[in-house]
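Fold and contact review
The chain contents come next:
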Amino acid sequence: MKFLSTRYPQLTVHDLGVTFVDGEADVVDKATVDVLKQLPAELGVRAAGGRPPKDTTEGAGR
């Protein structure tokens, strides 16, 4: 899922291992998504929807 950080475009959430680059971060871990959705509004982080493409190496050989 894509997240936007409008207030802090280079925000890093060390506990979650998430770094925003130019105000955007793609997050695939559901637990991390759930925590990011609960961050205080003052940080300016919001879900932008959509999921990043899955790694094409997953499921290879199926």
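Residues numbered from 1 in each chain as written. Predicted model: local features only at pLDDT ≥ 70, side-chain atom pairs only at ≥ 80, totals over all residues. Heavy atoms only, no water.

Here Y8 shows up in the loop between β1 (2–5) and β2 (12–13). Separated by 13 residues in the primary sequence, Y8 and V21 have C-alpha atoms spaced 9.8 Å apart. (Helix = DSSP H or I, 4+ residues; strand = E, 2+ residues; numbered from the N terminus.)

A negative phi holds for most residues other than glycine; trans holds for most peptide bonds. The backbone of D22 shows a phi angle near 55°, a positive value even though the residue is not glycine. Looking at the element boundaries, D22 is found in the loop between β3 (18–19) and β4 (24–26). Relative accessible area serves as the criterion here: at 64%, D22 is assigned to the exposed category. (Buried < 20%, exposed > 50% of the residue type's maximum accessible area, 1.4 Å probe, protein only.)

So, on to the confidence of the model for the protein. Scored by pLDDT, the protein comes out at a mean of 85, with 77% of its residues at no less than 70. Mean pLDDT across the secondary structure elements of the protein bottoms out at strand β5 (residues 45–49), with 88, and peaks at β3, with 97. (pLDDT = per-residue confidence, 0-100.)

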